[in-house]
Amino acid sequence: AAAAASYVQIMNVEYKQCIDAPNGKLNEVLQLARCNSSDTQKWALVTASSPQTYYLVNKRTGYCAEVNNGTSRPGELVDQWQCNGTPAEQWTQGVGAGGGSTYTNVGSNLCLDTVSGPGSQLMQWPCEGTTVQSWSVK
């Protein structure tokens, strides 16, 4: 993934919390957290080779959001890993509920989702068109 000039926060529409990599470590599962100014909550949407497809690159670590082990299993956790260009790290942005966007993993065709509620880890899950699977960029 290429370097990006601008970083954004990605907030869950349902829970009003931002994607965070709180300890900034390799293979760390991403989670929701109250939005703050931490670089662990700042992400670059780096264009991949397909239209509306991005790598989500963390500002603090430079790691990409990826489906753990690149599996297509619903419920698999989403962590951060060294950016290597695999489909597990590529996310297609679509129209989501409540004015947000969905992020569908290229490798699995499953949507970025939360495990439970506020403060929970992130996972992939079949796309359902709910606000839990909808994200706004701020």
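Residues numbered from 1 in each chain as written. Predicted model: local features only at pLDDT ≥ 70, side-chain atom pairs only at ≥ 80, totals over all residues. Heavy atoms only, no water.

Describing the pairing of strand β6 (residues 64–67)
Burial of β6 is two-sided: the residues Cys64 and Glu66 facing one way and the residues Ala65 and Val67 facing the other way are all buried. Judged from the 4 bridges that link them, β6 and strand β7 (residues 78–81) form a sheet pairing that is antiparallel. Looking at β7, one finds that cysteine 64 is bridged to tryptophan 81. (Buried < 20%, exposed > 50% of the residue type's maximum accessible area, 1.4 Å probe, protein only. Helix = DSSP H or I, 4+ residues; strand = E, 2+ residues; numbered from the N terminus. Pairing = 2+ DSSP bridges.)

Topic: the pairing of strand β9 (residues 101–105)
Across the 5 residues of β9, 5 count as buried, placing the element largely inside the fold. Residues Ser101, Tyr103 and Asn105 line one face of β9 and the alternating positions Thr102 and Thr104 line the opposite face, and both faces are buried. Bridge count between strand β8 (residues 90–95) and β9: 5 bridges; the pairing is antiparallel. Within β9, the position partnered with glutamine 93 by the bridge is tyrosine 103. Hairpin connection between β8 and β9: a loop of 5 residues separates the two successive antiparallel strands, and glycine 98 in this loop has a positive phi of roughly 65°.

No statement about biological role is implied by the geometric values presented.
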